[in-house]
Amino acid sequence: MSNDDMVMKVSVMALLPILTAPDPVLKSKAKRVEAVDDRIRTLMSDMLETMYKAPGIGLAAPQVGVLERVVVMDIGKTEETRQPLRMANPEITWVSDQDNTYEEGCLSVPEHYSNVVRPAEVKVRYLDETGTAKEIHAEGLLATVVQHELDHLEGILFIDHISALKRNMILRKLLKAKKEAAGS
Ligand code: GNR
Ligand code: NI
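The structure reproduced in this document is the subject of the present report. Just so you know, these numbers come straight off a predicted model, no measurement behind them.

### A short note on the environment of Ala-54
Tracing the sequence through the fold places Ala-54 in the loop between helix H1 (38-53) and strand S1 (58-60). Residue class for Ala-54 comes out partly exposed when judged on its relative accessible area of 38%. Between the C-alpha atoms of Ala-54 and Leu-15, which are 39 residues apart in sequence, the distance is 9.7 Å.

### Examining the packing of aromatic side chains
For the structure shown, the criterion picks out zero aromatic pairs. For Arg-82, the ring lying beneath its charged end belongs to Tyr-52, and the centroid distance is 3.6 Å. The ring of Trp-94 has Lys-123 sitting right over it, with the charged end atom 5.7 Å from the ring centre.

### Thoughts on helix H3 (residues 164-182)
Note on helix geometry: an α-helix contains 3.6 residues per turn, so any two residues three or four positions apart are oriented the same way. Over its 19 residues, H3 runs 26 Å from end to end, which matches the ideal 27 Å to within 8%, given 1.5 Å per residue. Those residues of H3 that sit buried are Arg-167, Ile-170 and Leu-174. Down the axis of H3, the buried side of the element spans an arc of 70°, and every buried residue falls inside it. Exposed positions of H3 whose direction lies more than 90 degrees from the buried face are Leu-165, Arg-172, Lys-176 and Glu-180. Of the residues flanking the end of H3, it is Gly-183, one or two places downstream, whose phi is positive at about 75°.

Here is what the cut-offs are and how they apply
- Residues numbered from 1 in each chain as written.
- Chains lettered and ligands numbered in written order.
- Predicted model: local features only at pLDDT ≥ 70, side-chain atom pairs only at ≥ 80, totals over all residues.
- Heavy atoms only, no water.
- Helix = DSSP H or I, 4+ residues; strand = E, 2+ residues; numbered from the N terminus.
- Buried < 20%, exposed > 50% of the residue type's maximum accessible area, 1.4 Å probe, protein only.
- Phe/Tyr/Trp six-rings, centres within 6.5 Å; stacked < 30°, edge-to-face > 60°.
- Lys NZ or Arg CZ within 6 Å of the ring centre and 35° of its normal.
- Expected span 1.5 Å × (residues − 1).
- Arc of directions from axis to C-beta.

Below, the structure is given as structure tokens:
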């Protein structure tokens with residue numbers, strides 16, 4: 001047996017940098033995942049760690065610069081009651097007629113919040129971390145967050161659902177903050 005056969009890969013979770021608007025990656029459509037393999041499972045774990053640290057209750061792969069259809073969420077209230085959801089290729093299969101308004105925020109639109117109207121309930125079909133097809137019926141906060149995350153996979157931010165006046169005001173502020181941080 002060669003020495004190389006004895007080298008085992010040890011995985012360490014990693015924090016990923018979160019992109020903020022305006023950024024062309026956040027406006028791009030993500031590609032479907034071909035297979036839920038170790039690379040995708042590692043991405044899901046790293047995204048969860050990054051989301052918990054932020055802290056946030058959802059995160060989509062484009063927010064960490066990966067244009068693939070992967071999202072994670074956890075609306076659990078405390079560290080002890082964590083309920084991580086890992087999804088590849090999520091698709092909305094049904095929406096309720098009734099709408100809900102929620103004040104949304106986004107880790108890629110830091111420090112800005114706006115009311116967004118979306119269907120109150122949705123059904124979402126996806127592949128879990130083992131590649132098994134699942135479907136959930138989401139309502140309340142989870143329904144809002146899952147729709148917010150699926151929007152990210154289409155290059156859509158919550159500010160795309162508000163008036164152009166408010167959106168442009170927020171984008172100007174974020175751009176100014178970026179330029180100041182870069183020291184230009
Ligand atoms: O942490 C988040 N909170 C939140 C609150 C209301 C509606 C949506 C969200 S998702 C957001 C994290 C994030 O940016 N996910 O893409
Ligand atoms: Ni977001």
